[in-house]
Amino acid sequence: MALKIGIVGLPNVGKSTLFNALTRTRAAQAANYPFCTIDPNIGIVEVPDERLNVLKEMVKPEKVLPAAVEFVDIAGLVKGASKGEGLGNAFLSHIRETHAVCHLVRGFEGGDVIHVEGSVDPKRDREIIETELALADLQTVLKRIDKEQGPARTGNKDAKLALILLEKIKGGLERGTMASALPLSEEECLQMKDFQLLTGKPMVYGVNVSEAQLKDASPDAWKTKLGLAADAPLVVISAKIEEDLTDLSPAEAKEYLGSLGVTSSGLDRLIAAAFTALGYCTYFTAGVQEVRAWTITKGMTAPQAAGVIHSDFEKGFIRAETIAYKDFVQFGGEAGAKTAGKMRAEGKEYIVQDGDVMHFRFNL
């Protein structure tokens, strides 16, 4: 399952620069005026995972296939977007098609990049975007309430349950609470997906800072500045630096980051934060033909995980020969792990763990 993340924010906060860095291209137009992105740019990005490199050295496969993330660079939203201002609702629709949202906020001061609101105020900017998303969702919810009222009056059980949830979401949006922050049951969360709400999607915050700010930038301090909860996923990043890194070799990039007092790429941390926010994890298949990372939702059973490879694997599932990643490495691969008694035959009820190295047995 390819993870699709929409990059949103006010105009001129660095979305296209970040997109160029993520995709290691300069495909997105980055200019000093609002709405330089009209049609959304889309790019496929490999998910960085050091475990793949370890497996590659051990197994020496013909090819290595990492997990992938699809990033969508969405045009800047402005105050009134939910009512059609700026580029309006056409671009809100692009957000609906994503699994998660990366909300990029401008943290850098000065320079010659104009700010659409006339000044840099990260908390205000965050609230503008989230207000527009909430107002758009409120319109969606009100329309859905009208649609469900008729069937509910005639006794339709599903419509009655939908109305209860819709009223709960409506109340939250009117209080300024995003749908994803409401205390909903597991059943309600599944039901809410059918509504395709913008504020129901997991959100990861990115704060775009200057090179001078990056070394001493504290995620906790920025959460306070933005008025976010302590557990909100937030990554401090310099989009311009990350874009510059695309012109360097991996060794040169590492050395450059070290000179700035930074130990890892902000892009790697951003992708990891999105995986966590969505509740995703990774399992591996490892053979001489290929070593591959597969993305699944935490809590998936072995047959469901097999179905990510092919639906026939799930339908005809017999068992999953499973080795924990640490055991695979410690005992030198599949043969050594099997000799050490670390290969397990797992059945249909097994919950796949992050890092499992798996081989599925199935009937066609």
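First, a word on scope: everything that follows refers to the structure included in this document.

Criteria and thresholds
Residues numbered from 1 in each chain as written. Predicted model: local features only at pLDDT ≥ 70, side-chain atom pairs only at ≥ 80, totals over all residues. Heavy atoms only, no water. Helix = DSSP H or I, 4+ residues; strand = E, 2+ residues; numbered from the N terminus. Buried < 20%, exposed > 50% of the residue type's maximum accessible area, 1.4 Å probe, protein only. Contact = heavy atoms within 4.5 Å. Phe/Tyr/Trp six-rings, centres within 6.5 Å; stacked < 30°, edge-to-face > 60°. Core = buried A, V, L, I, M, F, W, Y, C linked by side-chain atoms within 4.5 Å. Pairing = 2+ DSSP bridges. Lys, Arg positive; Asp, Glu negative; His and termini not counted. Salt bridge = Lys/Arg side-chain N within 4 Å of Asp/Glu carboxyl O. Polar contact = N/O pair within 3.5 Å; in protein donor to acceptor, adjacent residues only side chain to side chain.

Check the secondary structure of the protein and you find 15 helices and 12 strands. Looking at the protein as a whole, 49% of its 364 residues are labelled buried. Restricting the contact set of the protein to residue pairs at least 6 apart, pairs at least 24 apart contribute 68%.

This structure, assessed with the given rule, holds 5 aromatic pairs. On the numbers, 5.8 Å between centres and 90 degrees between planes, the contact of Phe275 with Tyr280 is edge-to-face. An identical accessibility class is assigned to Phe275 and Tyr280; each is buried. Ring geometry for Phe284 and Tyr325: centres 6.4 Å apart, planes at 45 degrees, overall tilted.

Before going further, it helps to spend a moment on unusual backbone geometry. One non-glycine residue, Lys60, lies in positive phi territory at about 55 degrees. The backbone of Gln196 shows a phi angle near 55 degrees, a positive value even though the residue is not glycine. Looking at the secondary structure, you find Gln196 in the loop between helix H6 (186–192) and strand E6 (203–208).

Leu18 and Phe71 are the most contacted members of the largest nonpolar core, which has 70 residues in total. The element that contributes the greatest number of residues to this core is helix H11 (residues 266–278), accounting for 7 residues. Excluding residues within four positions of it along the chain, Leu18 makes contact with Ile7, Leu104, Ile237, Ala239, Leu267 and Leu270. Within the second largest apolar cluster, 18 residues are counted, among which are Val141, Ala152, Leu163 and Leu166.

Of all 7 residues in strand E10 (residues 317–323), 5 are buried, a share of seventy percent or more. Pairing between E10 and strand E12 (residues 357–362): 6 bridges, direction antiparallel. Of the residues in E12, the one forming a bridge with Arg319 is Arg361.

Below, the discussion takes up helix H1 (residues 15–22). Among the 8 residues in H1, 8 count as buried, and that is most of the element. Every buried residue belonging to H1 is among Lys15, Ser16, Thr17, Leu18, Phe19, Asn20, Ala21 and Leu22, and all of these are buried.

Below, the discussion takes up the side chain of Asp356. With respect to the helices and strands, the residue Asp356 is situated in the loop between strand E11 (344–346) and E12. Buried charge Asp356 goes without a salt bridge, the closest partner of opposite sign being Arg344 at 4.3 Å. Among the polar contacts made by the side chain of Asp356, one reaches the side chain of Tyr350 at a distance of 2.7 Å. Those residues within four positions of Asp356 in sequence are excluded, and the remaining contacts are Thr282, Tyr283, Phe284, Thr322, Ile323, Ala324, Arg344 and Tyr350.

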